[in-house]
Amino acid sequence: MDVEYVDTIILLEDERPEDYLGVFANYGGEVTREFHLINAVAVRMPEDQLYKLEGYDFIRKVEMDGEVKALKTEPANAYAGFGSGQWDMDNINAPQAWE
């Protein structure tokens, strides 16, 4: 039987055991990257083992990893400069904020 592996992003709680990375290895997972700024790890692990992570208090959320693309958008009058159009300083009440 072939094992289906999936790439996940696992968001972590601030409080967690010192050996928390070993939990993923216990279920056949491999930590491929650590994200210290968002308190998360990327883990590649067997899909049929994911449900076993539910009982751990230090795991806040498990999401499937994947490619995300931003749509190309431009504001109205994008090339009109800062004095006119959507980003006009008067239009967003910037002068009042500076007072």
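The structure this text deals with has already been given above.
The rules behind the values
- Here the residue numbers are simple positions, counted from 1 along each chain's written sequence.
- Where local features are concerned, this predicted model is filtered to residues with pLDDT of at least 70; where side-chain atom pairs are given and counted, the filter is 80 or more; whole-chain, interface and lining totals use all residues.
- Based on all heavy atoms of the structure, the side-chain values leave hydrogens and waters out of the count.
- Here the rule is simple: two strands pair whenever DSSP picks up at least two bridges between them.
- Secondary structure elements follow DSSP: runs of H or I of four or more residues count as helices, runs of E of two or more count as strands, with numbering from the N terminus.
- Each axis is a line fitted through C-alpha atoms, and for a helix only the stretch in contact is used; angles between axes span 0 to 180 degrees, taken between their N-to-C directions.

Describe the sheet that holds strand S4 (residues 59–64), naming the residues involved and giving the relevant values.
Reading across from one edge, S2-S3-S1-S4 is the order of the four strands in this open sheet, with antiparallel pairing throughout. In this open sheet, the two edge strands, each paired with only one partner strand, are strand S2 (30–35) and S4. Neighbour to neighbour, the strand axes of the sheet diverge by 25° on average, direction disregarded. Alignment of strand S1 (residues 5–12) against strand S3 (residues 40–46), held across seven bridges, turns out to be antiparallel. Bridging from a neighbouring strand, isoleucine 9 pairs with alanine 42 of S3.

Please set out the environment of glutamate 15 residue by residue, giving values where relevant.
Counting through the fold element by element, glutamate 15 comes out in the loop between S1 and helix H1 (20–26). C-alpha separation for the pair glutamate 15 and isoleucine 59, spaced 44 residues apart in sequence, amounts to 9.7 Å.

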